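This is what each chain is made of:
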Amino acid sequence: MKRDVKACTLDELDAQCRAWGEPPYRATQLTQWLYARGVTDWDAMTNLPRDLRQRLASAYSLQSLDLVTCQGAADSTRKYLWRLADRALIESVLIPANPALYGETSDRLTLCVSTQVGCAYGCKFCASGLAGWKRNLEPQEIVEQVLAVDRSLATHAAGGGQAAAQAPQSAQRRIDNLVVMGMGEPLANYDHLLRALRILNAPWGRGLGARKITISTSGLCPEIRRLAAEPHQFRLALSLHGATDAVRSRLMPVNRKYPLRELMSACEDYLERRGRQITFEYILIAGVNDGLDQTRPLAELARRLRAKVNLIPYNRVEGLPWDRPDEPAQELFLAALERLGVATTLRREKGHAIEAACGQLRLKTERAQAN
Ligand code: SAH
Ligand code: SF4
């Protein structure tokens, strides 16, 4: 299998181009075509000599994602379902303005990307875990989710058409905020994830600020510590969902391997070394983790880590028995946490009709294809 050009760093491409006897600016020209212009075809790279283009094409693949469906309107959440080269399906979700999530109040364009096909962690409430784990995504498959959505935005802005898709993107809206919260456990695909994020972050790459990139994990302690030692300033979100081992282990099997004591210690390590605030994700599931008695242990954990808490009403998953509490119960939980001095947000989304939780669209499509 050929390596994909979008899995390579500028240094690696530069070394290859020089080994071929090319002038020193070639690799930069190449990365400009890939990341500033967003082209998907070697032949579009018109300032590279033809023989070099042929050489590149025989040495590297240049994969792009194949769009299966795109659901949702331009001004609300939009969900992309992609087919990969081996026909596996993954999702990305575009969230236009999202004050309650990671960004400040602004009109940011946030993209939620997947890191694996399926997930091995089997959280009881999650669609991604239902069908099990198939494989890790390659670095270029993570990078391409951002580039492919950029291209689709350019196409929409220009009124559609092939020419628009190839247009320079500087004048278009592009993704400016990334959350690694789609299908899969990002830290279980650590090396590919970090390579993809370095490419997305690099000035010669997609140029997304490290502080605009949030990695969400179900709590893999060794990898949280490893992330703490990286030079990049990526943000960390922890899928907590239970403030005691009893509740958390019922929802998330990973808690048996890394119980709260160990998890909090890994997060403390991250906090000490990085100095960056961690966000706790807390899905509210009726009758499971939404009792007001849970707010005190949750507040204790949050205070210990100086974390903020993001409450997310559960999205129903077909075939699973769980549901979200009603709105008054959500507000009560929020108010109780605030009274305990914890910075808390509650995602009050309007109509979760297209089901933003990643994994659900893929599951539906696979079920429909199986019928
Ligand atoms: N594996 C990582 C990242 C992907 S899941 C993790 O677990 O953090 C991203 C977030 O979506 C997690 O907080 C997860 O718990 C949440 N999630 C999964 N299914 C959901 C559902 N049906 N409704 C609401 N949030 C859900
Ligand atoms: Fe995997 Fe995250 Fe879903 Fe758990 S919540 S099954 S870790 S994707």
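Just above sits the structure.
Procedures and definitions
- Residues numbered from 1 in each chain as written.
- Chains lettered and ligands numbered in written order.
- Predicted model: local features only at pLDDT ≥ 70, side-chain atom pairs only at ≥ 80, totals over all residues.
- Heavy atoms only, no water.
- Helix = DSSP H or I, 4+ residues; strand = E, 2+ residues; numbered from the N terminus.
- Buried < 20%, exposed > 50% of the residue type's maximum accessible area, 1.4 Å probe, protein only.
- Contact = heavy atoms within 4.5 Å.
- Areas by Shrake-Rupley, 256 points an atom, 1.4 Å probe, with all protein chains shown as cover.
- Salt bridge = Lys/Arg side-chain N within 4 Å of Asp/Glu carboxyl O.
- Near = heavy atom within 4 Å.
- Nonpolar A, V, L, I, M, F, W, Y, C, P; charged D, E, K, R; others polar.
- Arc of directions from axis to C-beta.
- Axes fitted to C-alpha atoms, helices over the stretch in contact; angles between N-to-C directions.
- Parallel < 35°, antiparallel > 145°, perpendicular 65-115°, else oblique.
- Left-handed = near helix turned anticlockwise from the far one by under 90°.
- Polar contact = N/O pair within 3.5 Å; in protein donor to acceptor, adjacent residues only side chain to side chain.
- Phe/Tyr/Trp six-rings, centres within 6.5 Å; stacked < 30°, edge-to-face > 60°.

Participant: Any chance you could explain the overall build of the protein here in plain terms?
Facilitator: Across its full length, the protein carries 14 helices and 14 strands. Here the protein holds 371 residues, and 56% of them are scored as buried. Taking as baseline every contact in the protein between residues at least 6 positions apart, the subset at least 24 positions apart corresponds to 67%. Just so you have it, the protein exposes about 15900 Å², and 49% of that area is on carbon and sulfur atoms.

Participant: Before we go on, may I ask you to explain the pattern of salt bridges in this structure?
Facilitator: Two side chains bearing opposite charge may form a pair once their charged atoms approach each other closely. Here the structure, examined in full by the defined rule, presents 17 salt bridges. In this structure, Glu 144 and Lys 6 form a salt bridge, with 2.6 Å as the shortest nitrogen-oxygen distance. With a gap of 138 residues between them, Glu 144 in helix H5 (residues 139-157) and Lys 6 in the loop between strand E1 (3-4) and helix H1 (10-19) connect regions that are remote in the sequence. Considered together, Glu 144 and Lys 6 belong to a single accessibility category, that of buried residues. Here the residues in one salt-bridge network are Arg 3, Glu 12 and Arg 195, joined through shared partners.

Participant: Explain the site of ligand 2 here, please?
Facilitator: Around ligand 2 sit Cys 119, Tyr 121, Gly 122, Cys 123, Phe 125, Cys 126, Ser 128, Gly 129, Gly 184, Glu 185 and Ser 218, and that is every residue in its neighbourhood. Looking at the shell around ligand 2 residue by residue, the classes come out as five nonpolar, five polar and one charged.

Participant: How should I be thinking about H1 in this particular structure?
Facilitator: The α-helix winds at 3.6 residues per turn, so residues separated by three or four positions along the chain end up facing the same way. Residues of H1 that are buried: Leu 10, Leu 13, Asp 14 and Cys 17. Take H1 and look down its axis: the buried residues cluster within an arc of 100°, on one side only. With respect to the buried face of H1, the exposed residues turned more than 90 degrees away are Asp 11 and Ala 19. Its buried side turned inward, H1 meets helix H2 (26-36) and strand E2 (60-61). Among the residues trailing H1, Gly 21 stands out with phi positive, at a value near 80°.

Participant: Hey, could you run me through the packing of helix H7 (residues 190-201) against helix H8 (residues 221-228) in this one?
Facilitator: Helix-helix packing is described using two parameters, namely the angle between the two axes and the distance between the axes. Contact geometry for H7 and H8: axes closest at 12 Å, N-to-C directions at 30°. Of the possible angle classes, the one that applies to H7 and H8 is roughly parallel. The chirality of how H7 crosses H8 is right-handed. Of the residues in H8, those in contact with Tyr 190, Asp 191 and Leu 194 of H7 are Glu 223, Arg 226 and Leu 227.

Participant: Explanation requested: the packing of helix H12 (residues 295-305) against helix H13 (residues 327-339) in the structure shown.
Facilitator: Following both chains from N to C, one finds H12 and H13 inclined at 50°, their axes separated by 10 Å at the closest point. In terms of orientation, H12 lies oblique with respect to H13. For the element pair H12 and H13, the recorded crossing hand is right-handed. Mapping the contact onto sequence places Thr 295, Leu 298 and Ala 299 in H12 and Phe 333, Ala 336 and Leu 337 in H13. Each residue belonging to the contact of H12 with H13 can be placed in one class, and the counts come to five nonpolar, one polar and no charged.

Participant: Looking at this model, I keep getting lost on the site of ligand 1. Mind explaining?
Facilitator: In the region of ligand 1, 18 residues are neighbours, and Gly 184, Ser 216, Ser 239, His 241 and Asn 315 sit closest. His 241 places a side-chain nitrogen or oxygen 2.6 Å from an oxygen atom of ligand 1. Within the complex, 90% of the 530 Å² of free accessible area of ligand 1 lies under protein. Breaking the shell around ligand 1 down by element, the ones donating at least two residues are strand E10 (213-217) and strand E12 (279-284).

Participant: When you look at the packing of aromatic side chains in this model, what are you seeing that I'm missing?
Facilitator: Overall, the coordinates contain three aromatic pairs when judged by the stated rule. Where Tyr 80 meets Trp 82, the ring centres are 5.3 Å apart and the plane angle is 10°; that geometry is what we call stacked. With respect to burial, Tyr 80 and Trp 82 carry one shared label: buried. For the pair Tyr 282 and Phe 333, a centre-to-centre distance of 5.5 Å together with 20° between the ring planes defines the contact as stacked. Pair noted here: Tyr 282 is in strand E12 and Phe 333 is in helix H13, with a separation of 51 residues, a long-range link.

Participant: Got a minute to help me understand the environment of Ala 307 in this structure?
Facilitator: Mapped onto the secondary structure, Ala 307 falls in the loop between H12 and strand E13 (308-313). Accessibility expressed as a relative area gives 6% for Ala 307, which makes it buried. Expressed as a C-alpha distance, the spacing of Ala 307 and Ile 278, which sit 29 residues apart in the sequence, is 5.1 Å.

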